[in-house]
Amino acid sequence: MKKAITVRLDPDLLQEVRMKAEDENRTLTNFIATALKERLRPASRGERAPANGQQ
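Since the structure is predicted, the reported quantities are computational estimates derived from the model, not experimental observations. (Residues numbered from 1 in each chain as written. Predicted model: local features only at pLDDT ≥ 70, side-chain atom pairs only at ≥ 80, totals over all residues. Heavy atoms only, no water.)

We now examine the layout of surface pockets. Empty space within the largest pocket amounts to approximately 720 Å³. In terms of lining residues, the largest pocket is bounded by 21 residues, among which Leu28, Thr29, Ile32, Ala33 and Leu36 are the most central. Residue assignment for the lining of the largest pocket shows that the elements contributing at least two residues are helix 1 (11–23) and helix 2 (28–44). It is helix 2 that provides the largest number of residues to the lining of the largest pocket, a total of 10 residues. Here the lining of the largest pocket is composed, by residue class, of 13 nonpolar, three polar and five charged. (1 Å grid on protein atoms, 1.4 Å probe; cavity = no way out; pocket = protein on both sides within 12 Å on 5 of 7 lines; lining within 4 Å. Points joined across faces, edges and corners; volume = space filled by probe spheres on them. Helix = DSSP H or I, 4+ residues; strand = E, 2+ residues; numbered from the N terminus. Nonpolar A, V, L, I, M, F, W, Y, C, P; charged D, E, K, R; others polar.)

Now for the environment of Phe31. Mapped onto the secondary structure, Phe31 falls in helix 2. With 10 residues separating them along the chain, Phe31 and Ala21 place their C-alpha atoms 5.5 Å apart. Ignoring sequence-local partners within four residues, the contact set of Phe31 consists of Val17, Lys20, Ala21, Glu24 and Arg26. (Contact = heavy atoms within 4.5 Å.)

Before going further, it helps to examine helix 1. Turn by turn, an α-helix covers 3.6 residues, leaving residues three or four places apart pointing in a common direction. With 13 residues, helix 1 should reach 18 Å at 1.5 Å per residue; the first-to-last C-alpha distance of 18 Å fits that figure. The opening residue of helix 1 is Asp10, an N-cap whose side-chain oxygen sits 3.0 Å from the backbone nitrogen of Asp12. After helix 1 finishes, the residue Asn25 shows a positive phi value of roughly 55 degrees. (Expected span 1.5 Å × (residues − 1). Polar contact = N/O pair within 3.5 Å; in protein donor to acceptor, adjacent residues only side chain to side chain.)

On the surface, a cluster of nonpolar side chains totalling about 640 Å² of accessible area is made up of Ile5, Val7, Leu9, Leu13, Ile32, Leu36 and Leu40. Take the nonpolar patch: its biggest share by element is three residues, from helix 2. By the element assignment, Leu36 lies in helix 2. (Patch = residues over 30% accessible without salt bridge, like charges linked within 9 Å, V, L, I, M, F, W, Y side chains within 5 Å. Areas by Shrake-Rupley, 256 points an atom, 1.4 Å probe, with all protein chains shown as cover. Salt bridge = Lys/Arg side-chain N within 4 Å of Asp/Glu carboxyl O.)

Once that is clear, we can look at unusual backbone geometry. One non-glycine residue, Asn25, lies in the positive phi region at around 55 degrees. Secondary-structure assignment places Asn25 in the loop between helix 1 and helix 2.

And the structure:
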C-alpha cells in the first residue's frame, strides 16, 4: 500500500519540478516517485548511490 508523506521544498524547486512533470505529462507525485526510483536504482543492484551527487 502506498503511503502519503509530507515534504518541504523550496518554492523555486517546486515550480521547476511542477514544470518538468507537466512537460512529461505526469502528475507531480508520479514525477517525484519516478525520479526517486531512478536515483535509487543503483542501490537495488547492491551498489551504493553516490551521496550528495558525488561520483
